[in-house]
Amino acid sequence: MRSSRPRSGPRGVAAALLAASLAACGSGAGSGSGGPGGPGAGDPYFPRSGNGGYDVLHYALDLSYEPRAHRLTGAATITARATRDLTAFHLDLEGLDVGTVTVGGADARWSRDGQELVVRPREALDRDARFRVVVGYSGAPRTVTDPDGSQEGWLRTADGALALGQPVGSMAWFPGNHHPSDKATYGIAVTVPKGLRAVSNGEPAGEETKDGRTTYRWRTTEPMASYLATVAIGRYGIGRTTTGSGLPVYTAVDPEQADASRAVLDRLPEVVDWAERTFGPYPFSSAGAIVERPEDVGYALETQNRPVFPGAPDLALLVHEIAHQWYGNSVSPRTWRDMWLNEGFATYAQWLWQEDHGGGSAQQTFDALYAGGYFPDAGTNEALWAFPPADPPDAASISATPVYWRGAMVLHKVRQRVGDEAFGALLKGWAREHRHGNADTAAFTAYVERSAPEEDFDGIWEEWLYGEGRPERP
């Protein structure tokens with residue numbers, strides 16, 4: 001998730017467009033059967049995040065932003081499949097004024113209840129029916145303050161804006177099913193004043209300038225959780241290169257950060273090549289980075305295939321965010337309780353990189369953490385044992401120290417148990433088995449046990465993954 005920059009490590013349009021004509025309802029339309037979809041996806045920490053009753057297949061977002069007036073105008077076309085008979089359904093949207101809503105081309109009734117946009121189509125939707133909802137909206141997009149005090153949503157920058165969404169900020173700039181369990185493809189078009197650039201996920205799909213404004217189009221063909229979507233608007237310098245295997249690399253760097261970023265971004269292809277050898281085939285169509293001013297954003301984030309950095313990253317942070325492309329982005333958490341599967345793997349990737357490039361071993365890092373001398377301040381060393389990584393106590397803790405560092409220690413205990421060769425196969429196999437999907441902690445423990453049936457992992461799960469306090473070390 002959010003990664004800060006100290007040495008102590010991280011902290012806490014469309015591609016394949018769907019058929020042009022999609023039925024808004026099935027044979028039972030208008031029968032009055034079914035009921036409303038749920039106003040949340042049942043997440044233990046963000047119960048109103050996401051929605052029930054449908055699965056989004058594709059988002060087509062047509063956005064226009066005026067930085068001086070801080071005004072966003074948008075049209076979101078959402079193609080979805082009903083997972084039950086529906087007389088109404090919810091979309092997450094924070095702030096912003098809704099002007100029009102249609103379902104299947106027909107005007108729909110709608111209402112607002114906090115972050116919930118409740119849509120009542122003219123005719124009921126049958127289970128398994130594909131439908132298309134279009135929402136027209138506008139206003140001053142909000143910055144969202146998370147339970148841990150960090151900011152996301154739509155962040156104003158010195159020369160534009162930056163949209164970040166983890167865990168719930170994406171609802172500040174487009175309506176949708178904003179929970180990581182519902183992934184979709186995306187097409188994003190952003191119109192900005194001429195002279196500014198708009199950078200997003202996936203691949204550039206054209207740009208055009210007319211009447212003093214430029215429209216940039218992006219497409220994402222691999223499934224993406226909405227919290228990983230981004231739009232960055234500013235006067236970026238653009239870099240293009242490829243990795244050793246020919247994967248395109250696209251970077252966007254604020255001019256003030258160009259000199260400081262050059263050396264580490266030059267190593268980005270090398271990092272991706274190393275990660276492919278370590279974790280398996282890269283899961284997306286390109287790699288890259290967005291580098292903002294440190295004063296414009298307070299943390300790094302693994303936005304899909306183009307992570308965002310608060311100023312020039314160090315190499316460890318770059319490795320961390322690139323590893324997230326496998327663990328977190330391709331294999332996404334089923335709920336926010338499973339955050340350690342993102343952060344534990346990405347943190348352990350830093351240990352592996354260090355080990356492979358002449359630094360200390362993962363065992364040395366583990367030992368220093370266990371002994372309480374790894375971090376420069378005693379408070380952080382003590383916080384490592386505040387709660388088990390697989391069970392954060394509340395929403396404010398899902399990006400806290402145990403999720404990252406004790407999560408990585410769990411992986412190291414697994415490595416100790418199975419050996420280096422089997423552990424390397426496990427890293428690749430886990431990413432392969434859940435590629436472009438979702439997984440939870442139970443699926444991971446079951447996968448590990450299935451991969452090494454002769455080993456006993458009960459003690460690791462009980463003491464390191466779910467246990468309170470610092471385990472006794474054998």
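As a reminder, the structure under discussion sits directly above these lines.
Here's a quick rundown of the structure. (Residues numbered from 1 in each chain as written. Predicted model: local features only at pLDDT ≥ 70, side-chain atom pairs only at ≥ 80, totals over all residues. Heavy atoms only, no water.)

1. Considering the overall build of the protein chain
Under the convention used in this document: Note on conventions: DSSP H or I runs of at least 4 residues are helices, E runs of at least 2 residues are strands, and numbering of each starts at the N terminus. To be clear on the numbers: accessible area is Shrake-Rupley with a 1.4 Å probe, and residue cover counts the displayed protein chains and nothing else. In this tally, Lys and Arg are treated as positive and Asp and Glu as negative; His is ignored, and so are the chain termini. Lys charges are placed at NZ, Arg charges at CZ, Asp charges at CG and Glu charges at CD.
Within the protein chain, the regular secondary structure consists of 10 helices and 23 strands. Overall, the protein chain is about 65 × 50 × 40 Å in size when its C-alpha atoms are taken along their principal axes. Carbon together with sulfur atoms contributes 47% to the accessible area of the protein chain, which is approximately 17,300 Å² in total. Positive and negative charge centroids in the protein chain, built from 44 and 59 side chains respectively, lie 6 Å apart.

2. Quick notes on helix H7 (residues 401–418)
Quick reminder of the rule: Expected helix span is computed as 1.5 Å times (number of residues minus one). Think of it in three bands: residues with accessible area under 20% of the maximum for their type are buried, residues over 50% are exposed, and the middle band is partly exposed, with areas taken using a 1.4 Å probe on protein chains only.
Over its 18 residues, H7 extends 26 Å from the first C-alpha to the last, a length consistent with the 26 Å expected when each residue adds 1.5 Å. When you tally the buried positions in H7, you get 16 out of 18 residues, the bulk of the element. Once H7 ends, the next one or two residues include Gly419, with phi positive near 95°.

3. Brief notes about the sheet that holds strand S17 (residues 231–234)
Filter applied, for reference: A pair of strands counts as paired when DSSP detects no fewer than two bridges linking them. Angles shown run from 0 to 180 degrees and are taken between the N-to-C directions of axes, each axis being a line fitted to C-alpha atoms and, for helices, limited to the stretch in contact.
Here we have five strands laid out as an open sheet, ordered S10-S11-S12-S17-S14, and antiparallel in their pairing. The open sheet has two edge strands, strand S10 (143–145) and strand S14 (197–200), and neither has a second partner. On average, adjacent strands in this sheet sit at an angle of 20° to one another, irrespective of strand direction. Across four bridges, S14 lies against S17 in antiparallel orientation.

4. Some words on the packing of aromatic side chains
Rules: When two rings of Phe, Tyr or Trp (its six-membered ring) have centres within 6.5 Å they constitute a pair, described as stacked for plane angles under 30 degrees, edge-to-face for angles over 60, and tilted for the intermediate range. Both a distance and an angle decide whether a charge sits over a ring: NZ of Lys or CZ of Arg must be within 6 Å of the ring centre and within 35 degrees of the ring normal.
Throughout the structure, instances matching the rule amount to 34 aromatic pairs. Taking 6.4 Å as the distance between ring centres and 75° as the angle between the ring planes, the aromatic pair formed by Tyr54 and Phe131 counts as edge-to-face. Here the residue Tyr54 occupies a position in strand S2 (residues 54–66), and Phe131 occupies one in strand S9 (residues 130–139), the gap between them amounting to 77 residues. When sorted by exposure, Tyr54 lands in the same class as Phe131, which is buried. Judged by centre distance (5.6 Å) and plane angle (75°), the rings of Tyr348 and Phe423 are edge-to-face. On the criterion of sequence distance, the pair formed by Tyr348 in helix H4 (residues 339–356) and Phe423 in helix H8 (residues 420–433) is long-range, its members being 75 residues apart. The pair formed by Tyr348 and Phe423 is uniform in burial state, with each residue classed as buried. In this structure, Arg470 is placed above the aromatic ring of Tyr370, and the distance from its NZ or CZ to the ring centre is 4.5 Å.

5. A closer look at the pairing of strand S3 (residues 71–82)
Walk down a regular strand and you will see the side chains alternate between the two sheet faces. Bridge count for S2 against S3 is 12 bridges, and the pairing is antiparallel. Bridge pairing links Tyr65 to Leu72 in S3. Turn length for the S2-S3 hairpin, with the two strands adjacent in sequence and antiparallel, is four residues, and the turn residue His70 shows positive phi of about 50°. Alignment of S3 against S9, held across 10 bridges, turns out to be antiparallel.

6. Considering helix H10 (residues 458–465)
What counts here: Summarising the geometry, the arc corresponds to the directions from the helix axis toward the C-beta atoms. The contact criterion used throughout is that any non-hydrogen atoms of two residues lie within 4.5 Å.
Listed as buried for H10 are Ile460, Trp461, Trp464 and Leu465. One side of H10 holds all its buried residues, which, seen down the axis, span an arc of 105°. Where the residues of H10 are buried, they touch H4, helix H5 (362–371), H7 and helix H9 (441–451).

7. A word on the sheet that holds strand S20 (residues 287–292)
An order of S18-S19-S20-S21 is seen for the four strands of this open sheet, with the pairing classed as mixed. In this open sheet, the two strands that pair with only one neighbour each are strand S18 (237–242) and strand S21 (308–310). Across the sheet, the axes of successive neighbouring strands diverge by a mean angle of 20°, strand direction being ignored. Here S20 runs beside S21; their pairing, made up of three bridges, is parallel. Bridging from a neighbouring strand, Val291 pairs with Phe309 of S21. Of the strands in this sheet, S18, strand S19 (248–253) and S20 touch helix H2 (residues 268–279), which is tilted by about 135° from S20.

8. Some words on the side chain of Ser49
Rules: Polar contact is the term for a pair of N or O atoms within 3.5 Å; when the atoms are in protein, one must be able to donate a hydrogen and the other to accept it, and sequence-neighboring residues count only if both atoms are side-chain atoms.
Position of Ser49 relative to the elements: it lies in the loop between strand S1 (35–36) and S2. What makes Ser49 buried here is its relative accessible area of 3%. A distance of 2.4 Å separates a polar side-chain atom of Ser49 from the backbone oxygen of His178. Ser49 has contacts with Gly40, Ala41, Asp92, Gln115, Val168, His178 and His179, leaving out every residue within four places of it along the chain.

9. Regarding the packing of H2 against H8
The condition is simple: Working rule for angles: under 35 degrees goes down as roughly parallel, over 145 as roughly antiparallel, 65 to 115 as roughly perpendicular, anything else as oblique. Amino acids are sorted into nonpolar (Ala, Val, Leu, Ile, Met, Phe, Trp, Tyr, Cys and Pro), charged (Asp, Glu, Lys and Arg) and polar (every other residue, Gly among them).
One can describe the packing of H2 onto H8 by two numbers: an axis separation of 8 Å at closest approach and a directional angle of 100°. Judged by the angle between their axes, H2 and H8 are roughly perpendicular. Residue-level contacts link Arg277, Thr278 and Phe279 of H2 to Gly424, Leu427, Lys428 and Ala431 of H8. For the contact of H2 with H8, the residue count by class is three nonpolar, two polar and two charged.

10. Notes on the nonpolar core
Using the following cut-off: Put simply, a nonpolar core is a bunch of buried Ala, Val, Leu, Ile, Met, Phe, Trp, Tyr and Cys residues held in one set by side-chain atoms that sit within 4.5 Å of each other.
Residues Phe89, Trp173, Phe279 and Phe444 are the most contacted members of the largest nonpolar core, which totals 138 residues. Per-element tally for this core: the top contributor is H4, with 10 residues. The contacts of Phe279, once residues within four sequence positions are left out, are Trp274, Ala323, Trp326, Tyr327, Ala349, Leu352, Leu427, Lys428 and Ala431.

11. Digging into a negative patch on the surface
This is how it is decided: Patch members must show over 30% relative accessible area and no salt bridge, and they are joined within 9 Å when carrying like charges or within 5 Å when they are nonpolar side chains of Val, Leu, Ile, Met, Phe, Trp or Tyr. Salt bridge, as applied in this entry: a Lys or Arg side-chain nitrogen positioned within 4 Å of an Asp or Glu carboxyl oxygen.
Among the surface-exposed residues, Glu449, Asp456, Asp458, Glu462, Glu463 and Glu472 lie close enough to one another that they form a single negatively charged patch. The greatest single-element share of the negative patch, amounting to three residues, is contributed by H10. For Glu463, a relative accessible area of 39% gives the class partly exposed.

12. Comments concerning the side chain of Asp338
Inspection of the secondary structure assignment puts Asp338 in the loop between strand S22 (331–333) and H4. Salt bridges are absent for the buried Asp338, whose nearest opposite-charge side chain, Arg334, sits at 5.9 Å. Those residues within four positions of Asp338 in sequence are excluded, and the remaining contacts are Pro333, Ala439, Asp440 and Thr441.

13. Quick look at the pattern of salt bridges
A full pass over the atoms with the stated rule returns 15 salt bridges. With a shortest N-O distance of 2.9 Å, Arg142 and Glu94 are connected by a salt bridge. Taken as a pair, Arg142 in the loop between S9 and S10 and Glu94 in the loop between strand S4 (86–92) and strand S5 (97–103) lie far apart in primary sequence, 48 residues in all. Three or more residues are tied together by salt bridges with common partners; here these are Asp159, Asp254, Glu256, Arg293 and Asp296.

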